[in-house]
Amino acid sequence: MQEETLTKHEQIIRYIEELSVGTHISVRKIAQALEVSEGTAYRAMKEAESLGYVSTKDRTGTVRVEKKEPQAIDKLTFAEVVNIVDGEVLGGAGGLHKSLNKFVIGAMQLEAMKRYIEPGNLLIVGNRTQAHLYALGQGAGILVTGGFQTLDEAKELADELELPIISTSYDTFTVATMINRAIYDQLIKKKIMLVRDIIRTDTRVYSLRAEDTVSDMRHWMDETGHTRFPVVDERNKPIGMVTAKDVVGAEAGQPIYQLMTLDPLTVSDQAPVASVSHTMVWEGIELLPVVGKDGKMVGVISRDDVLKAMQYLQTQPQHGETLEDQIWSGMEKVRGKDGEFYYRGTVTAQMTNPIGTVSEGILTTLMSQVAIRTIREQKRGDLIVDSSSNYFLLPIPIDSVIECVPNVLEMSRRYGKIEVDIFCDGKRMAKSTFTCRLTD
């Protein structure tokens with residue numbers, strides 16, 4: 001294997017990685033230490049910040065920090081609360097990394113409040129200093145609303161116990177709303193599975209170099225059972241893909257770079273799995289290299305990996321509702337006289353436009369959901385909508401009962417075409433035709 005050759009940019013990143021946590025650095029210091037231009041040092045510093053190796057703080061400068069691994073977002077940390085409410089930390093900064101399990105609004109007398117305060121809570125309260133002291137003693141953090149301060153005694157106790165006291169200028173109601181909104185948004189995001197959530201990190205990723213030979217590839221095919229390999233350069237960046245079909249009839253000593261497909265499609269480890277599924281189906285790809293922010297390969301993802309992840313998502317309980325979920329929540333599945341299924345619901349105020357009729361966007365979403373659910377039930381798989389043609393024939397007023405009737409026009413292993421009609425009082429109000437690709 002060739003000795004790794006690093007660019008100046010990569011040398012700076014590695015230099016920063018090897019610094020101890022807490023080290024103060026600057027563009028000038030790095031430029032002098034590694035004998036590079038300040039422009040090169042500045043660009044590398046910016047990338048190091050995006051990678052989480054350094055952090056720039058007011059009145060402190062740039063500091064080497066500990067890179068935190070992505071965490072499950074079921075819970076909020078005190079540090080996240082500070083950001084949500086634009087808060088100021090009055091004490092207990094050492095506990096900002098801790099998670100809070102629930103928050104308690106202190107809108108009652110202290111004696112009544114005591115039964116609700118438990119370790120790991122966040123007490124949201126105004127300038128009630130005795131409540132501050134009691135909460136700290138029970139192992140709870142404090143969010144002081146209205147821009148008030150607290151006693152020096154409370155600050156000292158917070159530092160000792162590493163329980164944050166945060167002050168914000170917002171009132172209690174606004175703060176509770178902001179935190180609730182943040183938790184709700186995170187629960188929705190939890191449903192969005194990213195590539196980094198499913199790629200394997202506990203097994204070796206097999207790849208080839210451009211100068212490797214067909215003999216080398218055949219060895220790894222026999223060793224691993226794989227038939228596709230990414231080809232990487234000396235910096236571990238993907239430059240090609242090679243498959244078993246590419247080497248059929250090739251001589252054992254022929255170099256891989258003569259047979260590989262150049263400039264392969266890659267996917268970021270931050271990409272949603274659903275979008276990767278679309279790319280793979282649309283391009284007919286079985287394997288994609290996964291790259292990090294620096295463009296280096298961190299793994300591979302196969303079509304089987306994507307399909308398993310999509311099937312897993314469908315079995316998970318729902319944690320937070322998207323707008324589509326809310327629009328669909330009022331619809332029920334109904335069996336018709338001839339045994340066919342359709343969907344029925346009532347038009348609510350949230351579904352209307354300023355003149356009191358159903359918004360065209362809402363109607364499109366409803367018809368799209370009917371098409372997707374109908375095909376899923378027939379094929380028991382996932383799908384991607386390619387195109388739709390929508391016709392809005394008559395306005396539908398608020399409080400109307402509507403019926404969404406699907407009609408499958410064509411269905412094959414990889415392709416589907418379906419019509420959806422919306423009726424109200426026996427009249428056709430809207431119509432849409434969808435074409436889609438099936439992902440299994």
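Definitions and cut-offs
- Residues numbered from 1 in each chain as written.
- Predicted model: local features only at pLDDT ≥ 70, side-chain atom pairs only at ≥ 80, totals over all residues.
- Heavy atoms only, no water.
- Helix = DSSP H or I, 4+ residues; strand = E, 2+ residues; numbered from the N terminus.
- Buried < 20%, exposed > 50% of the residue type's maximum accessible area, 1.4 Å probe, protein only.
- Contact = heavy atoms within 4.5 Å.
- Areas by Shrake-Rupley, 256 points an atom, 1.4 Å probe, with all protein chains shown as cover.
- pLDDT = per-residue confidence, 0-100.
- Phe/Tyr/Trp six-rings, centres within 6.5 Å; stacked < 30°, edge-to-face > 60°.
- Core = buried A, V, L, I, M, F, W, Y, C linked by side-chain atoms within 4.5 Å.
- Pairing = 2+ DSSP bridges.
- Axes fitted to C-alpha atoms, helices over the stretch in contact; angles between N-to-C directions.
- Polar contact = N/O pair within 3.5 Å; in protein donor to acceptor, adjacent residues only side chain to side chain.
- Salt bridge = Lys/Arg side-chain N within 4 Å of Asp/Glu carboxyl O.
- 1 Å grid on protein atoms, 1.4 Å probe; cavity = no way out; pocket = protein on both sides within 12 Å on 5 of 7 lines; lining within 4 Å.
- Points joined across faces, edges and corners; volume = space filled by probe spheres on them.
- Parallel < 35°, antiparallel > 145°, perpendicular 65-115°, else oblique.
- Left-handed = near helix turned anticlockwise from the far one by under 90°.
- Nonpolar A, V, L, I, M, F, W, Y, C, P; charged D, E, K, R; others polar.
- Patch = residues over 30% accessible without salt bridge, like charges linked within 9 Å, V, L, I, M, F, W, Y side chains within 5 Å.
- Lys, Arg positive; Asp, Glu negative; His and termini not counted.
- Charge placed at Lys NZ, Arg CZ, Asp CG, Glu CD.
- Arc of directions from axis to C-beta.

Student: Looking at this model, I keep getting lost on the overall build of the chain. Mind explaining?
Tutor: Broken down by element type, the chain carries 14 helices and 23 strands. For the chain, with 440 residues in total, the buried portion stands at 40%. Long-range contacts, defined as pairs at least 24 residues apart, comprise 54% of the intrachain contacts of the chain with a sequence gap of at least 6. Put simply, the chain shows about 24500 Å² of open surface, and 48% of that area lies on carbon and sulfur atoms.

Student: Can you help me understand the confidence of the model for the chain in this one?
Tutor: Do not read the predicted coordinates in detail wherever pLDDT is low. Mean pLDDT over the chain stands at 84; residues scoring 70 or higher make up 89%. Scored below 50 in pLDDT, residues 70-74 makes five contacts in the model with residues more than four places away or belonging to other chains.

Student: Honestly, unusual backbone geometry in this entry has me stumped. Any pointers?
Tutor: Negative phi values dominate among residues other than glycine, just as trans dominates among peptide bonds. Phi at Glu 162 takes a positive value of approximately 55°, unusual for a residue other than glycine. Of note, the phi angle at Asp 263 is positive, near 50°, even though the residue is not glycine. Relative accessible area serves as the criterion here: at 69%, Asp 263 is assigned to the exposed category.

Student: Sorry, what's going on with the packing of aromatic side chains here?
Tutor: Two aromatic rings are characterised by how far apart their centres lie and by the angle between their planes. All chains considered together, the criterion is met by two aromatic pairs. The interplanar angle of 45° and the centroid separation of 5.3 Å between the aromatic rings of Tyr 206 and Trp 220 together place this pair among those described as tilted. Taken together, the positions of Tyr 206 in the loop between helix H9 (195-198) and strand S11 (208-209) and Trp 220 in helix H10 (residues 214-224) put the pair 14 residues apart, joining distant regions of the chain.

Student: Quick question: what am I supposed to make of the nonpolar core here?
Tutor: Across soluble globular proteins, nonpolar side chains show a tendency to be buried alongside one another. In this structure, Leu 363, Leu 366, Met 367, Ile 396, Ile 402 and Ile 422 are the most contacted members of the largest nonpolar core, which totals 28 residues. Those elements giving two or more residues to this core turn out to be helix H13 (323-328), helix H14 (360-379), strand S21 (401-411), strand S22 (415-424) and strand S23 (427-438). Among the elements that line this core, the one with the most residues is H14, at eight residues. Excluding residues that lie within four positions of it along the chain, Leu 366 makes contacts with Ile 327, Trp 328, Met 331, Met 351 and Ile 402. Core analysis: the second largest hydrophobic core is formed by 17 residues, Leu 136, Ala 140, Ala 154 and Ala 158 among them.

Student: I tried to follow the sheet that holds strand S9 (residues 141-144) on my own but got confused; where do I start?
Tutor: Sheet strands line up and pair through hydrogen bonds in the backbone, either parallel or antiparallel. Read across the open sheet, the five strands follow the order S5-S10-S9-S8-S7; overall the sheet is mixed. Here the strands that pair on one side only, and so sit at the sheet edges, are strand S5 (88-91) and strand S7 (102-105). Taking the axes of each pair of neighbouring strands and ignoring which way they run, one obtains an average angle of 25° across the sheet. Pairing between S5 and strand S10 (residues 165-167): three bridges, direction antiparallel. Note that in S10 the partner of Val 89 across the bridge is Ile 166.

Student: Just to check I follow, could you spell out the side chain of Thr 374 for this structure?
Tutor: As for its placement among the helices and strands, Thr 374 is situated in helix H14. Since its relative accessible area comes to 10%, Thr 374 is described here as buried. A polar side-chain atom of Thr 374 sits 2.7 Å from the main-chain carbonyl oxygen of Val 370. Setting aside residues no more than four positions away along its own chain, Thr 374 makes contact with Tyr 343, Pro 406, Val 408 and Ile 418.

Student: Honestly, the sheet that holds S23 in this entry has me stumped. Any pointers?
Tutor: Read from one edge to the other, the open sheet built from six strands follows the order S18-S19-S21-S22-S23-S20, with strand pairing classed as antiparallel. Strands with a single pairing partner mark the edges of an open sheet, and in this sheet they are strand S18 (332-335) and strand S20 (383-392). Ignoring which end each strand starts from, the neighbouring axes of this sheet average 25° apart. Examined bridge by bridge, S21 and S22 share eight bridges and lie antiparallel to one another.

Student: Explain the pattern of salt bridges to me, please; I cannot follow it from the model alone.
Tutor: For the structure shown, the criterion picks out 11 salt bridges. The shortest N-O distance in the salt bridge between Lys 114 and Glu 111 comes to 3.1 Å. Connected via shared salt-bridge partners are Glu 419, Asp 421, Arg 428 and Lys 431.

Student: Sorry if this is basic, but what is going on with the layout of surface pockets here?
Tutor: Sizing a probe to match a water molecule and rolling it over the atoms shows the empty space that remains. Estimates place the volume of the second largest pocket at around 570 Å³. As for the second largest pocket, its lining consists of 19 residues, of which His 226, Leu 287, Val 300, Ser 302 and Asp 305 are closest to the centre. Looking at the lining of the second largest pocket, the elements that each hand over two or more residues are strand S12 (228-232), strand S17 (297-302) and helix H12 (303-315). Considering each element in turn, the lining of the second largest pocket owes the most residues, three residues, to H12.

Student: Before we go on, may I ask you to explain the packing of helix H1 (residues 8-18) against helix H3 (residues 38-50) in this structure?
Tutor: Between two packed helices, what matters for the description is the angle formed by their axes and the separation of those axes. It is at 9 Å that the axes of H1 and H3 come closest, and there the two elements cross at 55°. Taken as axis vectors, H1 and H3 run oblique relative to one another. Pair H1 / H3 crosses with right-handed handedness. Across the interface between the two elements, Lys 8, His 9, Ile 12, Ile 13 and Ile 16 of H1 pack against Thr 40, Ala 41, Arg 43, Ala 44, Glu 47 and Ala 48 of H3. Considered class by class, the residues forming the contact of H1 with H3 number six nonpolar, two polar and three charged.

Student: Would you mind going over a negative patch on the surface with me for this structure?
Tutor: Taken together, the side chains of Asp 152, Glu 153, Glu 156, Asp 159 and Glu 162 present a region of like negative charge at the surface. Along the chain, Glu 156 falls in helix H7 (residues 152-161). For Glu 156, a relative accessible area of 55% gives the class exposed.

Student: Explanation requested: helix H2 (residues 27-34) in the structure shown.
Tutor: Residues lying three or four places apart along an α-helix face the same way, a consequence of the helix completing one turn every 3.6 residues. Taken residue by residue, H2 has Val 27, Ile 30 and Ala 31 as its buried positions. All buried residues of H2 fall inside an arc of 100° around its axis, so they share one side. Exposed residues on H2 whose side chains face more than 90 degrees from its buried face are Arg 28, Lys 29 and Gln 32. Glu 35 occupies a position one or two residues after H2 and carries a positive phi of about 55°.

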